[in-house]
Amino acid sequence: MTRHAIVTGASGGIGAAIAQRMLAQDMVVWSLSRRAPSFAHANLRHLSVDLLDRKALQEVLHTLTHEHAITTLVHNAGAIRAARAPEVQLTDLDALAQLHLGCAVQLLQATLPAMQSNRFGRVVLLSSRAALGLASRTAYSATKAGMLGMARTWALELAGQGITVNVVAPGPIAETEMFDAVIPRGSAREAALAQAIPVQRLGKPADVARAVTFFTDAEADFVTGQVLYVCGGSSVGSLSM
């Protein structure tokens, strides 16, 4: 059977790289994001939805999962909303809690029946090296860290049903909108950051996509509840952005 996968935020950057790698493995990929992907493929489908809108997302998922058996789920979409502790807005915390956590719950609950029926499922959540702490990332770090506990809990609950749940936590990944919004491309700051990473380069979307598709592989059935940092070694040392 052809596997159907959801990839949130597949319109560009890391999400696009993940989707393209899955498409190369003959999956049908459903992109859920506000913008359509910038590339085309015969097995790529796009559903426009604001992932911060719980009702709209629920409606899209209801239709999609009643028409197709989604057995692979990659929740990649994210946002930063940087602020130092005194300036953190509770509205930003609420928004990122929905985007990173609430949305993940909605996605899993919608796709879980098909995974259970097939006794096969692959779930990957995209967290961040910032889950370990990073200045000006209160809302982002807190909600990305929440993904780790949530994934480990799901892994325990679902392991006996042929469903694995894992996390990929990227470090600084260039060639993405989120990175460019924080650090100008080609700037001295970008060069200094690359030198501060143990492998002395910034990550690329393809680096993350390879890790994600390791977890989504049908043969990766003995790996669940794990967090893989794709960060060039920055998770074992200090990092200043």
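Here, the structure is the one placed above.
Notes on the structure in this doc start here.

Reading guide: rules and limits
Residues numbered from 1 in each chain as written. Predicted model: local features only at pLDDT ≥ 70, side-chain atom pairs only at ≥ 80, totals over all residues. Heavy atoms only, no water. Pairing = 2+ DSSP bridges. Helix = DSSP H or I, 4+ residues; strand = E, 2+ residues; numbered from the N terminus. Axes fitted to C-alpha atoms, helices over the stretch in contact; angles between N-to-C directions. Contact = heavy atoms within 4.5 Å. Phe/Tyr/Trp six-rings, centres within 6.5 Å; stacked < 30°, edge-to-face > 60°. Buried < 20%, exposed > 50% of the residue type's maximum accessible area, 1.4 Å probe, protein only. Arc of directions from axis to C-beta. Core = buried A, V, L, I, M, F, W, Y, C linked by side-chain atoms within 4.5 Å. Polar contact = N/O pair within 3.5 Å; in protein donor to acceptor, adjacent residues only side chain to side chain. Right-handed = clockwise from strand over helix to strand, strands pointing away.

## Observations regarding the sheet that holds strand 4 (residues 70-75)
Logical step 1: Spatially, 3-2-1-4-5-6-7 is the arrangement adopted by the seven strands of the open sheet, whose pairing is parallel. The open sheet has two edge strands with one neighbour each: strand 3 (44-48) and strand 7 (227-230). Taken over all neighbouring pairs, the strand axes of this sheet differ in orientation by 20° on average, direction set aside.
Logical step 2: Pairing of strand 4 with strand 5 (residues 121-126) involves four bridges; the strand directions are parallel. Paired with Leu73 across the two strands is Val123, which belongs to strand 5.
Logical step 3: Of the strands in this sheet, strand 1 (4-8), strand 2 (28-33), strand 4, strand 5 and strand 6 (163-170) touch helix 3 (residues 90-118), which is tilted by about 165° from strand 4.
Logical step 4: Helix 4 (residues 138-158) rests against strand 4, strand 5, strand 6 and strand 7 of the sheet, and its axis sits at about 160° to strand 6.

## A short note on the environment of Arg185
Logical step 1: With respect to the helices and strands, Arg185 occurs in the loop between helix 5 (177-182) and helix 6 (188-196).
Logical step 2: It is 20 Å that separates the C-alpha atoms of Arg185 and Ser11, two residues lying 174 residues apart in sequence.
Logical step 3: Among all residues touching Arg185, those that are not within four sequence positions of it are Glu175, Thr176, Asp180 and Glu190.

## Considering the packing of aromatic side chains
Logical step 1: Considering all chains together, one arrives at one aromatic pair under this definition.
Logical step 2: With centroids separated by 5.3 Å and ring planes inclined at 55°, the aromatic side chains of Phe214 and Phe215 adopt a geometry described as tilted.
Logical step 3: For Phe214, a relative accessible area of 44% gives the class partly exposed.

## What about helix 6?
In an α-helix, one full turn covers 3.6 residues, which means residues spaced three or four apart are oriented alike.
Logical step 1: Those residues of helix 6 lying buried are Glu190, Leu193 and Ala194. All buried residues of helix 6 fall inside an arc of 100° around its axis, so they share one side. Every exposed residue of helix 6 that faces more than 90 degrees away from the buried side is listed here: Ala188 and Gln195.
Logical step 2: Summarising the contacts, the buried residues of helix 6 are in contact with helix 5.

## A word on the nonpolar core
Logical step 1: The biggest cluster of nonpolar side chains holds 40 residues, and the ones touching the most others in it are Ile6, Leu32, Val123, Leu125 and Trp154.
Logical step 2: At the level of secondary structure, the elements contributing two or more residues to this core comprise strand 2, helix 2 (54-67), strand 4, helix 3, strand 5, helix 4 and strand 6.
Logical step 3: Filtering out sequence-adjacent residues up to four positions away, Leu32 remains in contact with Ile6, Val7, Thr8, Gly9, Leu47, Val49, Leu51, Leu57, Leu61, Leu64 and Leu107.
Logical step 4: One finds Val29, Val74, Val168 and Ile173 within the second-largest nonpolar core, a separate group that totals 25 residues.

## Side note on the side chain of Ser128
Logical step 1: Its location among the elements puts Ser128 in the loop between strand 5 and helix 4.
Logical step 2: A polar contact of 2.9 Å, which involves the side chain of Ser128, links it to the backbone nitrogen of Ala130.
Logical step 3: Contact partners of Ser128, with chain neighbours within four places excluded, come to Tyr140, Lys144, Ala169, Pro170 and Tyr229.

## Structural notes on the pairing of strand 6
Logical step 1: When you tally the buried positions in strand 6, you get eight out of eight residues, the bulk of the element.
Logical step 2: Side chains Ile163, Val165, Val167 and Ala169 of strand 6 all project onto a buried face; the interleaved residues Thr164, Asn166, Val168 and Pro170 project onto the opposite face, where all are buried too.
Logical step 3: Two strands pair when backbone bridges link them, and strand 5 and strand 6 are joined in this way by six bridges, in the parallel orientation. The residue bridging Val124 from the neighbouring strand is Asn166, located in strand 6.
Logical step 4: This β-α-β element, strand 5 to helix 4 to strand 6, shows right-handed connectivity.
Logical step 5: Direction of pairing for strand 6 relative to strand 7: parallel, over a ladder of four bridges. Counterpart to Ala169 in the pairing with strand 7 is Tyr229.

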